[in-house]
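Summary of the model geometry
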Amino acid sequence: MAVLVAAPAFAQPADAPAEIIVVTANREAQPLSRVGQTITVIDRAQIITAQKNVVSDFLRDVPGLTIARNGGVGGVTTVFIRGAESDQTAALIDGVKINDPSAPGGGFDFGNLLTGNIERIEVLRGASSVIWGSQAIGGVVNLITERPTEALRVNARAEGGYRGTAQVVGNVSGKFGPVSASIGGGFFRTDGISAFNAARGGNERDGYRNYGANAQFKIALTETISVDLRGYYSNAKSGIDGFAPPTYAFGDTQEISRTRQLVGYGGINAAFLDGRFRNRIGFALTDSRARFTDASAAIPFETFAGNGRNERLEYQGVFDIAQGWQANFGAEREISRYNTSSYGFPGDRGRASITSGYGQLVATPLAGLTLTGGIRHDQHNRFGGATSLAASGVYSPNDGATTFRASYSEGFKAPTLYQLQSEYGNQLLRPERSTGYDAGVTQTLLDRTIEASAIWFHRDSKDLINFISCPLPRTGICTGRPFGTYDNVARATAQGVELSLVLRPVKALTVRTNYSLINAENRTPEAANFGKRLARRPGQSVNAAIDYRWAFGLSVGAGVTHVASTFDNAANTAKVPGYVLADIRAAFDISDKISLYGRIENLFNEQYETVLRYGTLGRAAYAGVRLRY
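What counts as what
Residues numbered from 1 in each chain as written. Predicted model: local features only at pLDDT ≥ 70, side-chain atom pairs only at ≥ 80, totals over all residues. Heavy atoms only, no water. Helix = DSSP H or I, 4+ residues; strand = E, 2+ residues; numbered from the N terminus. Rg over C-alpha atoms; globule rule 2.2 N^0.38 Å. Buried < 20%, exposed > 50% of the residue type's maximum accessible area, 1.4 Å probe, protein only. Contact = heavy atoms within 4.5 Å. pLDDT = per-residue confidence, 0-100. Pairing = 2+ DSSP bridges.

**Things to note about the overall build of the protein chain**
Looking only at helices and strands, the protein chain has 4 helices and 33 strands in total. The C-alpha atoms of the protein chain give a radius of gyration of 24 Å, which matches the 25 Å a tight globule of 629 residues would have. Principal axes of the C-alpha set define a box for the protein chain whose edges measure 70 × 50 × 50 Å. Residues classed as buried in the protein chain amount to 55% of the 629 residues present. Contacts spanning at least 24 positions in sequence make up 61% of the contacts within the protein chain whose residues lie at least 6 apart.

Structure (structure tokens):
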């Protein structure tokens, strides 16, 4: 955990290599010492140690991130990075964008993402549209599944606990001749809790079930040419609550959501000039499907269906110009489609394409100093073009003991298919835009047993797309619209501070903590909510954790999270109180291949909400066994 370079969730052993390699900053493996942006790394060791089943629970502990979830595990989950809208988070699995084009805002629901066979999580805080294109205004969350290994490796675990929760996960990896492979799968189920808060009258359990699979293959055709294949699949079923007649007040309902997501990538890699010129041509596919069913009737019927599909053809080149100088460039062509229906009646459908090119130069002109600059242009078939710039720098005068970082970044988010082409759509929409800055310092002391970091950030966003009403007579962009449409009418600003401290006084002990202060405001001129806080963006959060491992194989740990109060609406009239959560955990290695583990979440049974009227899990205990070979 070091705020500028790693999450509070990331604990490096005292004897670990000093260099950390990241891939999210440049789409190319890069030492963190050459990256000027703010990146948090949650690695395999932390994922195993913390025992958390849900990816969003790890993201909650990252400085600058806040989470909102509709109910228990499997409920719709949104992630806000540095106060940006949740739809302005670019989500990736193994480098493939997985944002849903059928969603009205085009965002990604993190509710179905389990840690399962996730090997590593990288979180880039701050805009990164030069490299990742549309939606990367707040930042990027990149989930990396188990990768192929040289030697045969088998990992498996099974656990059970509170309210009929059970999970089984397994993965096998190895190399067989020219083929390196990693294949895994998992199953999760729970009886769950009422999505409608039990404290407000909810008494019907909304269960959840998820099964999924992951695979990676790398086939070496020659020493310099290889084929790369990746796949990810998730299938989930969840009980949800809603607004049932005759009162249409929020409460228990017999609704069920079923979602399916398929992510695939196929590409060829070729290196020339003794490896100095590396090329990649690939095709990426994201296919999402959602079905909502009312199960209260004698014959259940479908209330909503949505399908979204992204197809992306991409080229990336990396050229090592000279020692310390590298060029990164690429081109992409993405086609997005969606269609929806309600109660069996035809709904909306749409299609859009975007063609992009980008270039970035990474230079180390002198020892300890690395500068990065980049530019990107996107040409959309509806709104036209958008150009984004970025620059960053990192400097250490004393071989990493003190590290200064600063960056400037521009972000953009294309209007979604729904905002452009639904019955409420507006084909004159422009992309949302942002400009942001951050600067910070990381200091290590006493042979890196103490590591402290501080970052300041600021972001201004404009042309944000909101839904507006269309009073009679309907003219201009309201012509032909039922009662409203979308328009670029909003502005917002966010700024804050992220602080972190890591203590490793002995190899067996790690203490880590972080603090985030975020002020995210509506700055829309002449708007009724001008100056109000943006909804579901708490102003402060604190995370702390301690882990100790005895020589005989016993590990124990505890964590505490405090999130300040926030508002659930733009008018700041519906307040959501803050909360404090505490967890404890333990694990014991029976042998070098078998471990037993257990944890208690929400130890003091805190009653809280992250979304108004939606319930959350109380005290819950789980235990399991982990196998490795």
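We are not done yet, so read on.
**Some points on the environment of Ala 570**
Within the secondary structure, Ala 570 is located in the loop between β29 (566-567) and β30 (575-576). Spatially, the C-alpha atom of Ala 570 lies 9.5 Å from that of Phe 530, the residues being 40 residues apart in sequence.

**Focus: the confidence of the model for the protein chain**
Averaged over every residue, the pLDDT of the protein chain is 94; the share at 70 or more is 97%. pLDDT under 50 marks residues 1-17. Its contacts with residues more than four places away, or in other chains, come to 71 contacts.

**What to know about the pairing of strand β27 (residues 540-549)**
Where a strand is regular, its side chains alternate between the two sheet faces. Bridge analysis of strand β26 (residues 509-522) against β27 gives 9 bridges, and the strand direction is antiparallel. If you follow Arg 512 over to β27, its bridge partner there is Ala 545. Where β27 meets strand β28 (residues 554-563), 9 bridges bridge the pair, whose relative direction is antiparallel. Directly across from Ala 545, in β28, lies its bridge partner Gly 559. Counted between consecutive antiparallel strands, the loop separating β27 from β28 contains 4 residues, among which Gly 553 sits at a positive phi close to 105°.

**As for the sheet that holds strand β8 (residues 118-125)**
Ordered by their spatial adjacency, 5 strands build an open sheet running β3-β8-β9-β6-β7, and the pairing between neighbours is mixed. Looking at which strands have only one partner, the edges of the open sheet turn out to be β3 (38-42) and β7 (96-97).

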